[in-house]
Structure formats: C-alpha cells, structure tokens
Amino acid sequence: MTDTGKPEGSAQPDDSAPRSAPARLLRRPAVRVAIVAGLVGALLGAGLVAWRTDTLPWGGSKPCWDSLDDTTLTALVGEGRTVAEEQTLFQRGSSGRCRVTAYGVKHPDRISERLHVNVHWLDTQSGPAADGWHEEFLRSGMTPLGDGLPGMVSTSHAWLRLPQGCIGTGNLAVVDIDAARMDSDARQAAEQDALARAVVHTTNGVMRAYGCTERYALPEKLPGQAEWQRVDPDALCGIKDLALPADRRDEEVLDRTRSRVGGAEGPARVCGVGWLRRDDLRFTTVADPELAKIFHSEAPNGLPGIVGTRGRGSLTHARAEYEVSCQTGTVVFMAENRDLFGQKNLLRDLFPAYVAAEADRIGCGPLEITEMPGFGEKG
C-alpha cells in the first residue's frame with residue numbers, strides 16, 4: 001500500500017488534482033467536435049482516405065461504398081460471417097480499397113474467401129511497366145462483360161472502366177476485383193456471373209460516391225469461360241500463319257504446351273501460350289482506345305523502333321508493342337515473352353504476322369510491319 005491508501009500498480013484518476021489548461025479544454029464537447037472536424041478537414045484537403053471496418057449484417061448499409069448486396073456477396077463468398085474494411089472515397093483522383101474477408105460456417109475462425117476491390121487510377125504517362133496492372137487484369141482467361149461495358153471478367157478477376165464523363169477527359173480509372181479463392185477448387189460459371197455483377201454494382205457505387213450521374217446496366221449474358229487447349233504450332237491463338245518456326249516444334253515440348261484465347265469481342269483480346277496453363281507467351285490486342293492510353297509504343301530515345309506502313313512500335317527481348325490509329329481510335333498490339341522455350345528472339349519471329357492478322361480482324365488493315373530492330377527491311 002502507498003501513503004495514499006491506494007494499492008500500488010492500480011492508479012486511479014484523482015478528480016481533485018489540478019488539471020492543465022489543455023486538459024480542461026478537452027473536457028468541453030464543443031472543443032472536441034472542433035478538433036474532430038479539423039482532422040477530417042485536413043484529410044479532405046490532403047486528398048487522403050479514411051478506413052472503416054464493419055461486420056455484416058450491415059443494417060441497411062452495404063459494403064464497398066454501399067454497393068455489394070447480400071445476394072451478390074453470398075454468391076461470391078458463401079454463407080458465414082463476413083468482415084469488410086473500406087476506404088472512404090473523398091474526391092476524384094483518390095484511389096480506394098475495399099477488402100471483404102469471409103469466414104466459413106463449419107470453421108468460423110478460419111478464412112474461407114477474400115475479395116480485394118480497388119478503385120484504380122491508372123498511369124497514362126509512364127506505360128504499363130510502371131504499374132503492372134495489365135499483368136493481372138489482362139489475362140487469357142478474361143471474357144468481355146458484354147452489352148457495351150468497357151470491362152472484362154474471369155472466374156477470379158474482374159474490372160470495369162469508369163466513364164470519361166465521370167472522371168474527366170485525360171484520366172483513366174477502373175474498378176477491379178481480385179476474388180482469388182483460399183482453397184484450390186475451381187470457380188464455376190455461376191461464380192463468374194456473380195463476379196461480373198459485383199464489378200458493375202461496385203462501379204456504380206463508386207460513381208455515386210464521386211457524385212456522377214452515369215450508371216452501368218447489369219450484363220444480361222456472359223460468354224462462356226475461355227478454355228485451355230493443346231497448342232496448334234501452325235495457328236497460334238487461332239490465327240492462321242502465326243506459326244512457330246521449324247526449330248521450335250519439338251513434339252515432346254508441344255505435347256505439354258497449351259493455349260487459351262479470351263476477350264475477342266471486348267476491350268482486349270488476350271491469348272496465352274505456355275506450360276502448365278500459364279501465359280508464358282502472351283499476345284494482346286487492346287481495342288478500347290481509353291485503355292490503350294496506358295501503353296506507350298514509342299521506342300526509347302536512341303534505340304531503333306518497329307516500323308510499319310502505319311503506326312509506331314518498340315521491341316525488347318521481353319515485349320513488343322505497336323500502336324496504330326484505327327477507325328475506332330487508338331489500338332495497341334502487344335506480345336510478351338517470359339522465355340517460352342528458352343528463346344529470346346521469339347517475338348521478332350512472330351510479331352509481324354500477329355499484327356497483320358489482328359489488324360485485319362478488327363477492320364484496321366491492311367497493316368504490315370516492314371522493319372524490326374535487328375531485322376532490316378523485309379522482302
């Protein structure tokens with residue numbers, strides 16, 4: 001016991017002790033309100049975001065900017081307890097994140113699913129390498145949302161571009177969802193439909209938060225899932241004349257190589273070729289002129305570029321890009337090689353035929369690549 005008669009280690013507040021001036025001020029409700037208002041104002045002025053965390057049920061408020069209803073969430077993550085954390089969207093240009101964590105019914109303390117939702121303002125100045133967004137959200141498994149929606153969906157990922165009328169000319173923003181499962185079960189078509197609905201609902205919620213009047217309608221019917229098939233060395237990605245050279249046709253290797261094509265009628269057509277169902281070699285045609293802004297096809301200063309009958313391009317061992325103006329606006333053709341077959345010059349062999357065929361498919365041909373770095377003029 002101490003001299004005051006109070007047990008040691010359990011100090012209690014002494015209301016009779018004199019308080020400092022700041023302490024007396026903080027006891028006044030009006031002062032506390034003013035401090036909170038000032039902090040919120042500072043956040044707003046700095047363009048920062050604040051987090052809120054909730055556990056469902058929401059009592060009238062839906063997670064991810066009041067956009068995901070119980071039906072959509074149940075289709076995506078199943079029954080059970082669901083916790084969501086989201087950032088408040090204060091102004092245009094500020095990124096936002098919403099995380100939904102689901103816990104199973106049988107194991108209420110074990111995470112069963114996670115959704116990662118982002119309001120993603122894409123960099124239109126530095127090119128795709130500065131961000132890497134296209135690596136995750138322009139995959140061969142993506143199919144168009146359809147009905148004129150500028151977005152795509154797979155069984156685990158979805159994205160939808162915000163309209164220019166909402167975000168302003170010159171900007172590019174998307175809402176994207178990563179719904180990778182915690183277990184190894186493959187997602188089914190019904191879950192892909194649910195993910196498509198979720199990205200539309202969330203994008204509409206973001207537009208409401210930004211004060212925009214535009215709204216997207218839900219897609220009526222999605223294309224089927226893109227499937228992996230044994231690679232055809234004479235028609236890669238289903239394109240006639242896009243053929244592997246003779247020294248890259250080892251039958252044992254080709255037996256284990258698969259290809260998949262998705263998104264042909266949407267913002268981007270993506271074909272993946274690789275082992276173990278991976279996009280080791282990826283061909284992409286970005287037909288959405290707004291999305292094409294994140295790609296920069298001009299060769300760096302001092303380095304030779306790709307030359308064609310129209311347009312401009314660049315080439316490295318890992319990536320070839322070519323940009324051309326078509327009737328619908330800017331289109332970008334791209335090929336990326338993650339060392340498929342161990343060949344570093346594979347893009348130089350394949351890219352000219354790919355560009356010519358894809359330009360014809362989208363009504364932007366004829367288009368011919370006439371020079372590639374190290375090629376010289378084609379005969």
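This report concerns the structure included in the present document. Only a predicted model underlies this, so the values are computations on that prediction, with no experimental measurement involved.

**Concerning the overall build of the protein**
Then step 1. Each helix and strand in the protein was counted, giving 9 helices and 18 strands.
Then step 2. Counting only contacts in the protein whose residues sit at least 6 apart along the sequence, the fraction spanning at least 24 positions is 60%.
Then step 3. Of the roughly 19,000 Å² of accessible surface on the protein, a fraction of 50% belongs to carbon and sulfur atoms.

**Comments concerning unusual backbone geometry**
Trans is the common state for peptide bonds, and a negative phi is the common state for residues other than glycine.
Then step 1. Between Gly 365 and Pro 366 the backbone carries a cis peptide bond, its omega angle lying at -5°.
Then step 2. Looking at the secondary structure, you find Pro 366 in the loop between helix H9 (346–361) and strand E17 (369–372).
Then step 3. Despite not being glycine, Cys 237 has its phi angle at roughly 60°, a positive value.
Then step 4. Of note, Cys 237 is situated in the loop between strand E9 (229–230) and helix H8 (251–255).

**Some words on the packing of aromatic side chains**
Given two aromatic rings, their pairing is described by the distance between the two centres and the angle made by the two planes.
Then step 1. Scanning the entire structure with this criterion turns up 5 aromatic pairs.
Then step 2. An angle of 40° between the planes, with centres 4.9 Å apart, marks the rings of Phe 283 and Tyr 354 as tilted. Of the two residues, Phe 283 sits in strand E12 (residues 281–286) while Tyr 354 sits in helix H9, which places them 71 residues apart along the sequence.
Then step 3. Take Phe 283: its relative accessible area is 0%, and that puts it in the buried class.
Then step 4. Accessibility expressed as a relative area gives 0% for Tyr 354, which makes it buried.

**Concerning the packing of helix H4 (residues 70–77) against helix H7 (residues 189–209)**
Then step 1. One can describe the packing of H4 onto H7 by two numbers: an axis separation of 9 Å at closest approach and a directional angle of 140°. Overall, the two elements H4 and H7 adopt an arrangement that is oblique. Remark: the crossing between H4 and H7 carries left-handed chirality. Listed contacts from H7 to Thr 72, Ala 75 and Leu 76 of H4 are Glu 191, Ala 194, Leu 195, Arg 197, Ala 198 and His 201.

**A short note on the sheet that holds strand E11 (residues 268–275)**
Sheet strands pair by backbone hydrogen bonding; their relative direction is either parallel or antiparallel.
Then step 1. Ordered in space as E9-E10-E11-E12-E16-E15-E14, the 7 strands form an open sheet in which the pairing is antiparallel. Taken across any chain shown, the strands that pair with only one partner, and hence form the sheet edges, are E9 and strand E14 (312–315).
Then step 2. Where E9 and strand E10 (residues 257–262) come together, 2 bridges link them in antiparallel fashion. Each bridged residue has a counterpart across the sheet, and for Arg 230 the counterpart in E10 is Arg 258.
Then step 3. The sheet strands contacting H9 are E11, E12, E14, strand E15 (319–326) and strand E16 (329–337), and the helix crosses E16 at an angle near 150°.

**Some words on the pairing of strand E8 (residues 173–178)**
Then step 1. Most of E8 sits out of view: 6 of its 6 residues are buried.
Then step 2. Neither face of E8 is exposed, since Ala 173, Val 175 and Ile 177 on one face and Val 174, Asp 176 and Asp 178 on the opposite face are all buried.
Then step 3. Bridge analysis of strand E7 (residues 157–161) against E8 gives 5 bridges, and the strand direction is antiparallel. From the neighbouring strand, Trp 159 faces E8, where its bridge partner is Asp 176.

**Observations concerning the side chain of Thr 202**
Then step 1. Along the chain, Thr 202 falls in helix H7.
Then step 2. Beyond its immediate chain neighbours, meaning those up to four positions away, Thr 202 contacts Cys 64, Trp 65, Ser 67, Leu 68, Val 117, Val 175 and Ile 177.

**Overview of the nonpolar core**
Then step 1. Trp 65, Leu 145, Val 199, Val 206 and Tyr 210 are the most contacted members of the largest nonpolar core, which has 39 residues in total.
Then step 2. Those elements that provide at least two residues to this core are helix H3 (63–66), H4, strand E3 (96–103), strand E4 (111–121), E7, helix H6 (164–167), E8 and H7.
Then step 3. Sort the elements by how many residues they give to this core and H7 lands first, with 8 residues.
Then step 4. Ignoring any residue separated from it by four or fewer positions in sequence, one finds Tyr 210 in contact with Leu 89, Gln 91, Arg 92, Gly 93, Ser 94, Val 119, Trp 121, Leu 162 and Cys 166.

**Looking at the state of the cysteines**
Then step 1. The full count for this structure, using the stated rule, is 4 disulfides.
Then step 2. In this model Cys 64 forms its disulfide with Cys 98; the gap between the sulfur atoms is 2.1 Å. With the S-S dihedral at roughly -75°, the linkage between Cys 64 and Cys 98 falls on the left-handed side. Here Cys 64 is found in helix H3, whereas its partner Cys 98 is found in strand E3, with 34 residues between them in sequence. The same class applies to Cys 64 as to Cys 98, namely buried.
Then step 3. In this model Cys 326 forms its disulfide with Cys 364; the gap between the sulfur atoms is 1.7 Å. Note on the Cys 326 and Cys 364 pair: the S-S dihedral is about -85°, so by sign convention the disulfide is left-handed. Highlighted residues: Cys 326 in strand E15 and Cys 364 in the loop between H9 and E17, separated in sequence by 38 residues.

**Describing the pairing of E15**
Then step 1. When you tally the buried positions in E15, you get 6 out of 8 residues, the bulk of the element.
Then step 2. Sheet topology places E14 next to E15; 4 bridges connect them, and they run antiparallel. Residue pairing for E15: Gly 313 is matched across the bridge by Tyr 322.
Then step 3. Turn length for the E14-E15 hairpin, with the two strands adjacent in sequence and antiparallel, is 3 residues.
Then step 4. Relative to E16, E15 runs antiparallel, the two sharing 8 bridges. Paired with Glu 323 across the two strands is Val 332, which belongs to E16.

About the criteria used
Residues numbered from 1 in each chain as written. Predicted model: local features only at pLDDT ≥ 70, side-chain atom pairs only at ≥ 80, totals over all residues. Heavy atoms only, no water. Helix = DSSP H or I, 4+ residues; strand = E, 2+ residues; numbered from the N terminus. Contact = heavy atoms within 4.5 Å. Areas by Shrake-Rupley, 256 points an atom, 1.4 Å probe, with all protein chains shown as cover. Phe/Tyr/Trp six-rings, centres within 6.5 Å; stacked < 30°, edge-to-face > 60°. Buried < 20%, exposed > 50% of the residue type's maximum accessible area, 1.4 Å probe, protein only. Axes fitted to C-alpha atoms, helices over the stretch in contact; angles between N-to-C directions. Parallel < 35°, antiparallel > 145°, perpendicular 65-115°, else oblique. Left-handed = near helix turned anticlockwise from the far one by under 90°. Pairing = 2+ DSSP bridges. Core = buried A, V, L, I, M, F, W, Y, C linked by side-chain atoms within 4.5 Å. Disulfide = S-S within 2.5 Å.

Read these as spatial facts, not as claims about activity.
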